[in-house]
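Letter by letter, the chains look like this.
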Amino acid sequence: MNNLLQTSKKKLFFILGPCVLESRDTALHIAHSLAEMARSLGVTIIFKSSFDKANRSSLDGFRGPGLQQGLDWLQEIKDITGLPLITDIHLPHQASKVAGVADVIQIPALLCRQTDLILAAAETGVIVNIKKGQFMAPWDMARVLDKTGCKDRIWITERGTTFGYNNLVVDFKAIPIMSGLGCPVVLDATHSVQLPGGLGTCSGGQREFVPALARAGVAAGAAGIFMEVHPDPDRALCDGPNSWPLDRTFSLLQNLLRIRKAMHEE
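Numbers given to residues run from 1 along each chain, matching the order in which its sequence is written. Since the coordinates come from a predicted model, pLDDT governs what is reported: local features require at least 70, and pairs of side-chain atoms require 80 or more to be given and counted, while whole-chain, interface and lining totals use all residues. The side-chain quantities take in all heavy atoms of the structure and omit both hydrogens and water.

> How would you sum up the overall build of the protein chain? Please name residues and give values.
From N to C terminus, the protein chain includes 9 helices and 13 strands. Only C-alpha atoms enter the radius of gyration; for comparison, a globular chain is expected to reach 2.2 Å times N to the power 0.38, where N is the number of residues. What you see for the protein chain is a C-alpha radius of gyration of 17 Å, in line with the 18 Å of a compact globule of 266 residues. Across its three principal directions, the C-alpha atoms of the protein chain cover 45 × 40 × 40 Å. Exposure is judged per residue with a 1.4 Å probe applied to protein chains only, and the accessible area is read against the type maximum: over 50% gives exposed, under 20% gives buried, and values in between give partly exposed. In the protein chain, buried positions account for 55% of the 266 residues. Sequence-distant contacts, at least 24 apart, represent 70% of the contacts inside the protein chain between residues at least 6 apart. Here the open area of atoms and residues is found with the Shrake-Rupley method and a 1.4 Å probe, where only the protein chains shown may cover a residue. Split by element, the accessible area of the protein chain, about 11,400 Å² in all, is 51% carbon and sulfur. The sign given to each residue is positive for Lys and Arg and negative for Asp and Glu; His and the chain ends receive no count. Charge positions come from single atoms, namely NZ of Lys, CZ of Arg, CG of Asp or CD of Glu. For the protein chain, the distance from the average position of its 27 positive side-chain charges to the average position of its 26 negative side-chain charges is 5 Å. Only runs of H or I of at least four residues qualify as helices and only runs of E of at least two qualify as strands under DSSP, and these elements are numbered from the N terminus. In what follows, a contact means two residues having at least one pair of non-hydrogen atoms within 4.5 Å.

> Which residues make up helix α1 (residues 2-10), and what are the values?
Of all the positions in α1, only L4, L5, T7 and S8 are classed as buried. For α1, the buried positions fall inside an angular range of 165° around the axis, keeping them on one side. Opposite the buried face of α1, by more than 90 degrees, sit the exposed residues N2, N3, K9 and K10. Tucked into the core, α1 has its buried residues touching β1 (13-17), β2 (45-48), β4 (104-107), β5 (127-131) and β6 (154-158). The arc under discussion is defined with respect to the helix axis, by the directions toward the C-beta atoms.

> Explain the packing of helix α8 (residues 210-219) against helix α9 (residues 249-264) residue by residue, including any values.
The N-to-C vectors of α8 and α9 enclose an angle of 25°; their axes lie 9 Å apart at closest approach. Judged on the interaxial angle alone, α9 and α8 are roughly parallel. The two elements α8 and α9 meet at a crossing, and its hand is right-handed. Contact residues: V210, P211, A214, R215, V218 and A219 in α8; L252, N255, L256, I259, R260 and M263 in α9. Residues are grouped as follows: nonpolar covers Ala, Val, Leu, Ile, Met, Phe, Trp, Tyr, Cys and Pro; charged covers Asp, Glu, Lys and Arg; every other residue, Gly included, is treated as polar. Its residues assigned to classes, the contact of α8 with α9 shows 9 nonpolar, 1 polar and 2 charged. Lines fitted to C-alpha atoms define the axes, with helix axes restricted to the stretch in contact, and inter-axis angles between N-to-C directions lie between 0 and 180 degrees. Angular relationships are summarised with four words: roughly parallel below 35 degrees, roughly antiparallel beyond 145, roughly perpendicular across 65 to 115, and oblique for the angles in between. Note on convention: the crossing is left-handed when the near helix lies turned anticlockwise from the far helix by less than a right angle, right-handed when the turn is clockwise.

> Give me the lowdown on unusual backbone geometry, citing residues and values where you can.
The phi dihedral of N166 is positive, around 60°, even though this residue is not glycine. For D239, which is not a glycine, the phi torsion comes out positive at approximately 60°. Relative to the helices and strands, D239 resides in the loop between β12 (224-230) and β13 (244-245).

Here you go:
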């Protein structure tokens, strides 16, 4: 945990992986690719995937393998690839179990005001990444931080703000504003191009804008970039329209690192 905390304050890091654990083999394939990118680029990549997508509008949405099998798969991924892990929780009782495997617990944006959930995550002692709700002003995240009592191990993620129906927009002022609260801020470049409910029974997305938002996030001072990546986004079982292709991820990371380097050379 200490290494991740130090990295998040000094170097650009990445949170990458499939939206949901579709299968053990698919998750391992993605994780192996990401581990190789991390070694080649000399950067920290945190593998992200969900064991349960409980915050879907439709009952038809794919939810994942569930808590126990999902944690078993994540532990195997961690053991084999050496990548640190982040996954999200939806209920307070999940926090302690997830903390036994994950290096970072994530609070979904729609649940960022759920006091019991945030307290349970904070009490585990691991890093907590709280995604700013689409309905929250950046300065209002100060009240969320006050709940945790452990601001030194909290990250905040910007993932877009509701902009009318079925659309999101990123106000990049939110990155320096929330950084001013004393926590590393992550820009979620893939959920920010999501079109919530845009396909009727599921969300749509505009993945062609992911690179632009990621580059702008780095330029605005984000400590980390979050992207859901998949070998075949059009066939992904969750969030495919806003997921970035795995085979195009390495070149995008190179581009983002060049931007970060140029900023520090000014």
